[in-house]
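Fold and contact review
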Amino acid sequence: METTKDPNINELILLQPKAVTFGQYDISEWQENILTLITEALQKHMTKEKPLNTDLFGEPYIIVKCDEVGGANNKSKVFKAAKELIPKLFSFRWKGKNGKWVTSTGTIITIIHNVEGSNNLTITFNKWAIPFLLYYGEGSGGGRFCKNVALTLRGNMTKRIYKMISAYKDKTSYDYPIDKFRKDFNISKSYSNYLIGKKILDPAMKRIKESNSDVWFDYKLITKYKQDNGRKPKADTIVFNIKTTAATQGTDQFNRNETIRRWVDIAFDYPTDNKTITTTDKIISSDKCDMFFNKCIYYDNQITAGNMTTQHVKNTLKKILRDEFGVK
(Lines give C-alpha, C1' and ligand atoms only; values in the text may rest on other atoms or scores of the structure.)
Protein backbone atom coordinates (compact mmCIF):
# COMPACT_ATOMS: atom_id res chain seq x y z
CA MET A 1 0.00 0.00 0.00
CA GLU A 2 1.34 3.40 -0.97
CA THR A 3 1.45 5.92 1.83
CA THR A 4 1.62 9.68 1.34
CA LYS A 5 3.19 11.99 3.87
CA ASP A 6 0.98 14.87 4.96
CA PRO A 7 1.94 18.21 3.36
CA ASN A 8 4.19 20.30 5.56
CA ILE A 9 3.75 24.07 5.66
CA ASN A 10 7.50 24.67 5.83
CA GLU A 11 7.99 22.68 2.64
CA LEU A 12 5.05 24.41 0.99
CA ILE A 13 6.35 27.93 1.53
CA LEU A 14 9.42 27.11 -0.55
CA LEU A 15 7.40 25.85 -3.52
CA GLN A 16 6.49 27.95 -6.53
CA PRO A 17 2.84 27.12 -7.19
CA LYS A 18 2.20 26.25 -10.82
CA ALA A 19 -1.33 27.60 -10.76
CA VAL A 20 -2.95 30.07 -8.41
CA THR A 21 -6.65 30.81 -8.44
CA PHE A 22 -9.10 32.50 -6.12
CA GLY A 23 -12.60 31.10 -6.08
CA GLN A 24 -15.09 33.93 -6.57
CA TYR A 25 -12.53 36.70 -6.43
CA ASP A 26 -15.12 39.42 -5.95
CA ILE A 27 -13.56 41.09 -2.93
CA SER A 28 -13.94 44.79 -2.22
CA GLU A 29 -11.25 47.48 -2.20
CA TRP A 30 -11.04 47.39 1.61
CA GLN A 31 -10.77 43.59 1.63
CA GLU A 32 -7.96 43.87 -0.91
CA ASN A 33 -6.28 46.38 1.44
CA ILE A 34 -6.48 43.85 4.29
CA LEU A 35 -4.72 41.30 2.08
CA THR A 36 -2.11 43.93 1.27
CA LEU A 37 -1.32 44.37 4.97
CA ILE A 38 -1.07 40.60 5.49
CA THR A 39 1.25 40.32 2.49
CA GLU A 40 3.38 43.17 3.82
CA ALA A 41 3.80 41.34 7.15
CA LEU A 42 4.78 38.15 5.31
CA GLN A 43 7.33 39.91 3.13
CA LYS A 44 8.92 41.63 6.13
CA HIS A 45 9.12 38.25 7.87
CA MET A 46 10.78 36.56 4.89
CA THR A 47 13.32 39.37 4.49
CA LYS A 48 14.01 39.21 8.25
CA GLU A 49 12.98 42.84 8.61
CA LYS A 50 10.33 42.00 11.20
CA PRO A 51 9.14 38.59 12.50
CA LEU A 52 5.49 37.61 12.25
CA ASN A 53 3.30 38.06 15.30
CA THR A 54 1.83 34.78 16.55
CA ASP A 55 -1.01 34.24 19.02
CA LEU A 56 -1.28 31.87 21.99
CA PHE A 57 -1.88 28.96 19.60
CA GLY A 58 1.08 29.78 17.35
CA GLU A 59 -1.09 31.18 14.55
CA PRO A 60 0.11 34.30 12.68
CA TYR A 61 -1.79 37.57 13.01
CA ILE A 62 -1.58 41.24 12.04
CA ILE A 63 -2.84 44.36 13.79
CA VAL A 64 -4.91 46.34 11.30
CA LYS A 65 -5.22 50.09 11.75
CA CYS A 66 -8.68 50.76 10.36
CA ASP A 67 -7.79 54.29 9.22
CA GLU A 68 -5.14 52.72 7.00
CA VAL A 69 -7.63 50.35 5.38
CA GLY A 70 -10.74 52.48 5.03
CA GLY A 71 -9.96 56.06 5.98
CA ALA A 72 -10.78 57.89 9.19
CA ASN A 73 -13.74 56.93 11.38
CA ASN A 74 -14.72 53.83 9.41
CA LYS A 75 -13.85 51.08 11.88
CA SER A 76 -17.33 49.52 11.83
CA LYS A 77 -17.27 49.33 8.03
CA VAL A 78 -13.74 47.88 7.98
CA PHE A 79 -14.83 45.30 10.58
CA LYS A 80 -17.79 44.39 8.39
CA ALA A 81 -15.54 44.07 5.32
CA ALA A 82 -13.14 41.83 7.27
CA LYS A 83 -15.98 39.55 8.45
CA GLU A 84 -17.29 39.25 4.89
CA LEU A 85 -13.82 38.15 3.77
CA ILE A 86 -13.80 35.12 6.10
CA PRO A 87 -15.99 32.77 3.98
CA LYS A 88 -14.26 33.57 0.68
CA LEU A 89 -12.17 30.65 -0.54
CA PHE A 90 -8.70 30.57 -2.01
CA SER A 91 -7.29 27.58 -3.85
CA PHE A 92 -3.95 26.62 -5.33
CA ARG A 93 -2.40 23.54 -6.88
CA TRP A 94 1.10 22.33 -6.11
CA LYS A 95 3.25 19.26 -6.57
CA GLY A 96 4.34 17.30 -3.52
CA LYS A 97 7.60 15.42 -3.06
CA ASN A 98 6.01 12.24 -4.38
CA GLY A 99 5.30 14.00 -7.68
CA LYS A 100 1.53 14.01 -7.19
CA TRP A 101 -0.51 17.16 -7.57
CA VAL A 102 -2.26 18.50 -4.49
CA THR A 103 -5.07 21.07 -4.55
CA SER A 104 -5.34 23.00 -1.29
CA THR A 105 -8.46 25.06 -0.56
CA GLY A 106 -9.36 27.16 2.43
CA THR A 107 -10.03 30.63 3.80
CA ILE A 108 -7.42 33.33 4.39
CA ILE A 109 -8.82 34.93 7.53
CA THR A 110 -9.70 32.63 10.41
CA ILE A 111 -10.35 34.92 13.40
CA ILE A 112 -10.99 38.66 13.90
CA HIS A 113 -10.53 40.27 17.31
CA ASN A 114 -12.26 43.62 17.65
CA VAL A 115 -10.10 45.64 20.05
CA GLU A 116 -12.69 47.80 21.79
CA GLY A 117 -11.79 51.36 22.63
CA SER A 118 -9.25 51.48 19.81
CA ASN A 119 -9.27 51.86 16.07
CA ASN A 120 -7.58 48.49 15.58
CA LEU A 121 -8.56 44.97 14.60
CA THR A 122 -6.38 41.94 15.27
CA ILE A 123 -6.75 39.50 12.37
CA THR A 124 -5.46 35.93 12.49
CA PHE A 125 -4.76 34.34 9.10
CA ASN A 126 -4.32 30.83 7.78
CA LYS A 127 -0.73 29.59 7.37
CA TRP A 128 -1.80 27.67 4.28
CA ALA A 129 -2.72 30.95 2.60
CA ILE A 130 0.93 32.04 2.62
CA PRO A 131 1.85 30.58 -0.82
CA PHE A 132 -1.25 32.14 -2.36
CA LEU A 133 -0.52 35.57 -0.89
CA LEU A 134 3.17 35.61 -1.76
CA TYR A 135 2.95 34.41 -5.35
CA TYR A 136 0.87 35.37 -8.35
CA GLY A 137 0.45 33.00 -11.27
CA GLU A 138 2.74 30.56 -13.02
CA GLY A 139 6.42 31.36 -12.82
CA SER A 140 5.92 34.85 -11.43
CA GLY A 141 7.87 34.43 -8.22
CA GLY A 142 7.34 36.86 -5.38
CA GLY A 143 6.92 40.50 -6.29
CA ARG A 144 7.51 43.37 -3.89
CA PHE A 145 5.17 46.32 -4.31
CA CYS A 146 4.73 49.72 -2.70
CA LYS A 147 2.31 49.45 0.20
CA ASN A 148 1.17 53.08 -0.07
CA VAL A 149 0.35 52.72 -3.77
CA ALA A 150 -1.48 49.42 -3.20
CA LEU A 151 -3.62 50.89 -0.40
CA THR A 152 -4.52 54.16 -2.12
CA LEU A 153 -5.28 52.95 -5.66
CA ARG A 154 -9.01 52.98 -6.43
CA GLY A 155 -10.70 49.77 -7.56
CA ASN A 156 -10.14 46.21 -6.39
CA MET A 157 -9.16 45.03 -9.88
CA THR A 158 -6.78 47.97 -10.29
CA LYS A 159 -5.12 46.95 -7.02
CA ARG A 160 -4.74 43.35 -8.23
CA ILE A 161 -3.32 44.40 -11.59
CA TYR A 162 -0.83 46.67 -9.82
CA LYS A 163 0.39 43.77 -7.68
CA MET A 164 0.58 41.54 -10.75
CA ILE A 165 2.75 43.90 -12.81
CA SER A 166 4.92 44.50 -9.73
CA ALA A 167 5.70 40.77 -9.79
CA TYR A 168 6.88 41.14 -13.41
CA LYS A 169 9.21 44.11 -12.99
CA ASP A 170 12.04 42.10 -14.48
CA LYS A 171 10.12 41.57 -17.73
CA THR A 172 9.25 43.94 -20.56
CA SER A 173 5.93 42.24 -21.28
CA TYR A 174 3.59 39.57 -20.03
CA ASP A 175 1.05 37.63 -22.11
CA TYR A 176 -2.15 36.91 -20.19
CA PRO A 177 -4.69 34.62 -21.97
CA ILE A 178 -8.06 36.35 -21.83
CA ASP A 179 -9.89 33.19 -20.75
CA LYS A 180 -7.51 32.85 -17.80
CA PHE A 181 -7.86 36.55 -17.01
CA ARG A 182 -11.65 36.10 -16.90
CA LYS A 183 -11.30 33.13 -14.56
CA ASP A 184 -8.74 34.74 -12.26
CA PHE A 185 -10.72 37.97 -12.00
CA ASN A 186 -14.13 36.28 -11.93
CA ILE A 187 -15.33 38.03 -15.12
CA SER A 188 -18.34 36.64 -16.93
CA LYS A 189 -17.90 35.38 -20.49
CA SER A 190 -20.75 37.71 -21.44
CA TYR A 191 -18.39 40.60 -20.65
CA SER A 192 -16.89 41.40 -24.07
CA ASN A 193 -13.22 42.01 -24.76
CA TYR A 194 -14.14 45.63 -25.47
CA LEU A 195 -15.63 46.00 -21.98
CA ILE A 196 -12.61 44.33 -20.36
CA GLY A 197 -10.48 47.03 -21.96
CA LYS A 198 -12.89 49.91 -21.33
CA LYS A 199 -14.01 49.08 -17.79
CA ILE A 200 -11.01 47.26 -16.28
CA LEU A 201 -7.73 47.74 -18.15
CA ASP A 202 -8.03 51.39 -19.19
CA PRO A 203 -8.94 52.66 -15.69
CA ALA A 204 -6.21 50.50 -14.12
CA MET A 205 -3.62 51.78 -16.60
CA LYS A 206 -4.56 55.42 -15.93
CA ARG A 207 -4.75 55.11 -12.12
CA ILE A 208 -1.47 53.23 -11.76
CA LYS A 209 0.36 55.71 -14.00
CA GLU A 210 -1.05 58.68 -12.04
CA SER A 211 -0.09 57.10 -8.71
CA ASN A 212 3.62 57.75 -9.34
CA SER A 213 4.27 54.02 -9.01
CA ASP A 214 7.71 52.82 -10.10
CA VAL A 215 5.96 50.30 -12.36
CA TRP A 216 3.08 50.87 -14.77
CA PHE A 217 1.83 49.42 -18.04
CA ASP A 218 0.09 49.78 -21.32
CA TYR A 219 -1.53 46.89 -23.16
CA LYS A 220 -2.94 45.53 -26.37
CA LEU A 221 -5.35 42.72 -27.19
CA ILE A 222 -4.00 40.28 -29.77
CA THR A 223 -4.92 37.00 -31.47
CA LYS A 224 -2.07 34.72 -30.43
CA TYR A 225 -3.52 31.30 -31.15
CA LYS A 226 -4.75 29.94 -34.47
CA GLN A 227 -8.52 29.91 -34.90
CA ASP A 228 -10.12 27.64 -37.50
CA ASN A 229 -13.77 28.59 -37.06
CA GLY A 230 -14.07 30.55 -40.31
CA ARG A 231 -14.85 33.75 -38.44
CA LYS A 232 -12.89 36.94 -38.05
CA PRO A 233 -10.03 36.26 -35.61
CA LYS A 234 -10.94 37.24 -32.08
CA ALA A 235 -8.42 38.53 -29.55
CA ASP A 236 -7.47 35.80 -27.09
CA THR A 237 -4.53 37.36 -25.23
CA ILE A 238 -3.80 40.53 -23.27
CA VAL A 239 -0.22 41.70 -23.76
CA PHE A 240 0.84 43.78 -20.76
CA ASN A 241 3.78 45.99 -21.71
CA ILE A 242 5.58 46.56 -18.41
CA LYS A 243 7.04 50.03 -17.86
CA THR A 244 9.38 50.57 -14.95
CA THR A 245 12.16 52.66 -13.52
CA ALA A 246 14.16 49.42 -13.36
CA ALA A 247 16.27 50.67 -16.26
CA THR A 248 17.86 53.12 -13.85
CA GLN A 249 18.22 50.66 -10.98
CA GLY A 250 21.79 50.22 -9.86
CA THR A 251 22.70 53.80 -10.74
CA ASP A 252 23.80 56.25 -8.09
CA GLN A 253 20.76 58.43 -8.74
CA PHE A 254 18.32 55.58 -8.32
CA ASN A 255 19.95 54.40 -5.09
CA ARG A 256 19.93 57.95 -3.76
CA ASN A 257 16.23 58.43 -4.52
CA GLU A 258 15.31 55.07 -3.00
CA THR A 259 17.21 55.87 0.21
CA ILE A 260 15.43 59.21 0.50
CA ARG A 261 12.04 57.66 -0.18
CA ARG A 262 12.61 54.92 2.39
CA TRP A 263 13.49 57.36 5.17
CA VAL A 264 10.65 59.74 4.31
CA ASP A 265 8.29 56.75 4.51
CA ILE A 266 9.69 55.81 7.95
CA ALA A 267 9.66 59.41 9.23
CA PHE A 268 5.93 59.76 8.55
CA ASP A 269 5.05 56.26 9.85
CA TYR A 270 4.24 54.84 6.41
CA PRO A 271 1.41 57.22 5.39
CA THR A 272 -1.45 55.75 3.37
CA ASP A 273 -1.82 58.81 1.16
CA ASN A 274 0.72 60.16 -1.36
CA LYS A 275 2.70 62.12 1.23
CA THR A 276 5.82 59.96 0.83
CA ILE A 277 5.82 60.33 -2.95
CA THR A 278 5.16 64.10 -2.99
CA THR A 279 7.73 64.77 -0.25
CA THR A 280 10.38 62.63 -1.98
CA ASP A 281 9.76 64.45 -5.26
CA LYS A 282 10.11 67.80 -3.46
CA ILE A 283 13.44 66.77 -1.93
CA ILE A 284 14.85 65.34 -5.16
CA SER A 285 14.03 68.53 -7.09
CA SER A 286 15.59 70.72 -4.38
CA ASP A 287 19.17 72.01 -4.18
CA LYS A 288 19.21 70.51 -0.66
CA CYS A 289 18.76 66.97 -1.95
CA ASP A 290 22.39 65.92 -1.43
CA MET A 291 22.32 67.30 2.11
CA PHE A 292 19.26 65.24 3.00
CA PHE A 293 20.65 62.11 1.32
CA ASN A 294 23.97 62.40 3.18
CA LYS A 295 22.11 62.69 6.48
CA CYS A 296 20.11 59.53 5.63
CA ILE A 297 23.34 57.63 4.97
CA TYR A 298 24.85 58.97 8.20
CA TYR A 299 21.81 57.92 10.24
CA ASP A 300 21.78 54.47 8.60
CA ASN A 301 25.36 53.98 9.76
CA GLN A 302 24.60 55.29 13.26
CA ILE A 303 21.69 52.87 13.69
CA THR A 304 23.81 49.98 12.42
CA ALA A 305 26.53 50.89 14.93
CA GLY A 306 23.96 51.05 17.75
CA ASN A 307 24.58 54.73 18.42
CA MET A 308 21.05 55.89 17.52
CA THR A 309 17.54 54.44 17.49
CA THR A 310 15.10 54.55 14.61
CA GLN A 311 12.74 56.70 16.69
CA HIS A 312 15.53 59.22 17.31
CA VAL A 313 16.26 59.39 13.58
CA LYS A 314 12.56 59.78 12.76
CA ASN A 315 12.27 62.79 15.08
CA THR A 316 15.44 64.34 13.64
CA LEU A 317 14.35 63.88 10.03
CA LYS A 318 10.90 65.31 10.76
CA LYS A 319 12.58 68.46 12.07
CA ILE A 320 14.78 68.69 8.96
CA LEU A 321 11.77 68.19 6.70
CA ARG A 322 9.86 70.87 8.57
CA ASP A 323 12.69 73.43 8.76
CA GLU A 324 14.41 72.87 5.40
CA PHE A 325 11.56 71.77 3.13
CA GLY A 326 8.45 73.17 4.81
CA VAL A 327 6.90 69.69 5.13
CA LYS A 328 4.94 69.03 8.31
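To start, this report covers the structure provided alongside it. Quick caveat: nothing in here was measured; it's all calculated off a predicted structure. (Residues numbered from 1 in each chain as written. Predicted model: local features only at pLDDT ≥ 70, side-chain atom pairs only at ≥ 80, totals over all residues. Heavy atoms only, no water.)

1. Re the pairing of strand S5 (residues 101-107)
In terms of strand pairing, strand S4 (residues 89-95) meets S5 through seven bridges, oriented antiparallel. By the bridge assignment for S5, Leu89 is matched with Thr107. Taking the residues between adjacent antiparallel strands as the criterion, S4 and S5 are bridged by five residues, where Gly99 takes a positive phi near 85°. (Pairing = 2+ DSSP bridges. Helix = DSSP H or I, 4+ residues; strand = E, 2+ residues; numbered from the N terminus.)

2. Details of the packing of aromatic side chains
Throughout the structure, instances matching the rule amount to seven aromatic pairs. Seen in terms of ring centroids, Tyr174 and Tyr176 are 5.6 Å apart; in terms of plane orientation they differ by 70°. Their pairing is edge-to-face. Assessed through its relative accessible area of 0%, Tyr176 is described here as buried. Ring geometry for Phe292 versus Phe325: centroids 5.9 Å apart, planes at 90°, classification edge-to-face. Taken together, the residues Phe292 in helix H12 (residues 289-304) and Phe325 in helix H13 (residues 310-325) connect sequence positions 33 residues apart. Per residue, the accessibility class of Phe292 equals that of Phe325, and both read buried. Through pairs of rings, three or more aromatic residues link up here, namely Tyr174, Tyr176, Phe181, Phe185, Phe217 and Phe240. The aromatic ring of Phe79 is capped on one face by Lys83, whose charged end is 4.6 Å from the ring centroid. (Phe/Tyr/Trp six-rings, centres within 6.5 Å; stacked < 30°, edge-to-face > 60°. Buried < 20%, exposed > 50% of the residue type's maximum accessible area, 1.4 Å probe, protein only. Lys NZ or Arg CZ within 6 Å of the ring centre and 35° of its normal.)

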